[in-house]
Amino acid sequence: MQNFFNSTTSSKVPPQEGFREAYTLHLGDNALILGQRNAEWCGHGPVLEQDIAITNISLDLIGQARNFYQYAAQLLGDDTTEDSLAYLRKEREFKNCLVTEQPNGDWAQTILRQFLFSNYQYLLYQQLQNHKDEQLAAIAAKALKEVAYHLRWSSEWVIRLGDGTEESHKRMLKAIDELWRYSGELFIPAEYEKEVGIDVSLLKNDADNKISAVFEEASLAVPQNVFMQTGGKEGKHTEHLGYILTELQYIQRTYPGAEW
Amino acid sequence: MVTTLTIEEKKLWHILEQVTDPEVPVLTITDLGIVREIKINDDNTEIIITPTYTGCPAMDMISMNIRLALIEAGYKNVLITTVLSPAWTTDWMSEEGKRKLKEYGIAPPNPKQQVCSDKLFAADEAVQCPHCNSWHTHRISEFGSTACKALYQCDDCKEPFDYFKCH
């Protein structure tokens, strides 16, 4: 055990994280954690085509995470790499929104999580592609076309399930019950977002309008006056993130520096 | 642009025209339009490429294959730089590339149109069957075997086929 801890916790002070570094990591963490969650469906999707769809979305998200981490590594300098950011940071250092780390649950819960997130990400990247930081802008512009695809696919599924059978409708209601409390955090800016990022609070109106339109078509009611959980952006997570990281980081924690 | 190429640059492009996409081996990287620029610097040869899709897992292998091809041709210091902007689009795919795709059994991308919008339940794009040339086809899934493809089926010859979706 002694060796385990020695080999995985760096003795030197980690590179200083400024607002820009924190923001870049936040964007990367959102993509990585949701990508990892979606990847859990690999081989378990309800039908082959949708198994492929959700894992394709996972691949897109992990690709985004790589782009953000490569840039963050460049900003942080020293020997930081995209891999050390993904595999060697601790739970409290991750800045992803709480909704991305919630369990897959059933297909309805996975679909709703994707819809809430893609709706936010689509609006965010539309703004971010014009950000004065050219690299963040380029990553967003590149990913926007893919995110448009995710949003369309997940919106259609929310409608299909909500307006489907009695059973699928019931499951969407349960998914809303489970996830709604995490939907507000996406639009409540953390300090680093206020300093260097896109003001997400300004995206909320458009996001709400889209949700209302899709929910209406899906015969689902938009919940009112729900207390919103926050903290993920500052590293305070639900119990689920630790389990995700345990699986994600296992190889690097057990065999530091392993390559294949 | 062609007229301004030096002999050395032409030689490099010619080498790059031999490097294929590992996932769609009938296409070369120049057919795909992912080589954006070549630079002959004082101490290295720089190849600037752009990924097709953000998460395309073939990009690492493509970089390696470019490096190998150039080393094989005698280039010593090869630098491969990836740029994201401007974002790649299927409109950069060469006509030759589209012809080869179809011959291989993958429907080539249509010119960019409505598909990148977020409009729901939009009508399927008209995609021509690469086997029997019928336009009487329908989409089975928006996502396919790789990030760049969607799955279609022909209603006439009944064959399922991949469509290289416009992006």
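When helices and strands are tallied, chain B shows four helices and seven strands. The linear arrangement of helices and strands in chain B, starting from the amino end, is α-α-β-β-α-β-α-β-β-β-β. Dimensions along the principal axes, computed over C-alpha positions, put chain B at roughly 55 × 30 × 30 Å. Looking at chain B as a whole, 35% of its 167 residues are labelled buried. Counting contacts in chain B only where the partners sit at least 6 residues apart, residues at least 24 apart contribute 52% of the total.

Looking only at helices and strands, chain A has twelve helices and zero strands in total. Moving toward the C terminus, one meets the helices and strands of chain A in the order α-α-α-α-α-α-α-α-α-α-α-α. Taking 260 residues into account, the globule formula puts the C-alpha radius of gyration at 18 Å, and chain A, at 18 Å, falls close to it. With the principal axes as the frame, chain A shows a C-alpha extent of 55 × 40 × 35 Å. Across the 260 residues that make up chain A, the buried fraction comes to 46%.

Counting all residues, the mean pLDDT for chain B is 89, and 93% of those residues have values of 70 or more. Scored by ipTM, the complex comes to 0.87, with pTM at 0.91.

The next subject is the pairing of strand β6 (residues 149-154) of chain B. All names here are of chain B. Burial within β6 is extensive, with five of its six residues counted as buried. Of the strand pairs in this sheet, strand β5 (residues 137-141) and β6 are connected by four bridges, and their pairing is antiparallel. Its bridge partner lying in β6, H138 is registered against Q153. Bridging between β6 and strand β7 (residues 160-164) involves five bridges; their strand directions are antiparallel.

Residue and element names in this part refer to chain B. The strand order β1-β2-β3 describes an open sheet built from three strands, whose pairing is mixed. Edge positions in the open sheet fall to β1 (35-40) and β3 (78-82), since each of these has one partner strand only. The mean angle between the axes of side-by-side strands here comes to 20°, regardless of whether they run parallel or antiparallel. Where strand β2 (residues 45-49) meets β3, five bridges bridge the pair, whose relative direction is parallel. The residue of β3 that forms the bridge with T45 is V78.

The next subject is the interface of chain A and chain B. Residue-level contacts link 25 residues of chain A with 20 residues of chain B. At the level of elements, α3 (48-76) and α7 (134-162) of chain A are the ones that each hand at least two residues to the side of chain A that touches chain B. Considering every element that reaches the side of chain A that touches chain B, the biggest residue donor is α7 of chain A, with 14 residues. When the residues that make up the side of chain A that touches chain B are grouped by side-chain class, the tally is 13 nonpolar, five polar and seven charged.

Before going further, it helps to examine the nonpolar core. Residue and element names in this part refer to chain A. Among the nonpolar cores identified, the biggest contains 111 residues, and L112 and V158 are the most heavily contacted of them. The element contributing the most residues to this core is α7, with 15 residues. Beyond its immediate sequence surroundings of up to four residues, L112 is in contact with V158, M172, A175, I176 and L179.

Calculation rules
Along each chain, residues carry numbers from 1 onward, in the same order as the chain's sequence is written. Key to labels: chains lettered from A, ligands numbered from 1, both in the order written. Under the rules for a predicted model, residues below a pLDDT of 70 receive no local features and side-chain atom pairs below 80 are neither given nor counted, while totals for whole chains, interfaces and linings still include all residues. To qualify as a helix, a DSSP run of H or I must reach at least 4 residues; to qualify as a strand, a run of E must reach at least 2; elements of each kind are numbered from the N terminus. Exposure criterion: with C-beta atoms placed from backbone coordinates, a residue whose C-beta has 20 or more other C-beta atoms within 10 Å is buried, one with 12 or fewer is exposed, and one in between is partly exposed. Whether two residues are in contact is decided by their C-beta atoms, placed from the backbone, lying within 7 Å. Two things to know: the radius of gyration comes from C-alpha atoms, and the globule rule equals 2.2 Å times the number of residues to the power 0.38. Think of pLDDT as the predictor's per-residue confidence, scored from 0 to 100. Should DSSP find at least two bridges between two strands, the strands are regarded as paired. In this description, a line fitted to the C-alpha atoms serves as the axis of each element, helices being fitted only across the stretch in contact, and the angle between N-to-C directions of two axes falls anywhere from 0 to 180 degrees. Three classes are used, and their members are as follows: Ala, Val, Leu, Ile, Met, Phe, Trp, Tyr, Cys and Pro are nonpolar, Asp, Glu, Lys and Arg are charged, and the others, Gly among them, are polar. The term nonpolar core refers to a set of buried Ala, Val, Leu, Ile, Met, Phe, Trp, Tyr and Cys residues connected through C-beta atoms within 7 Å.

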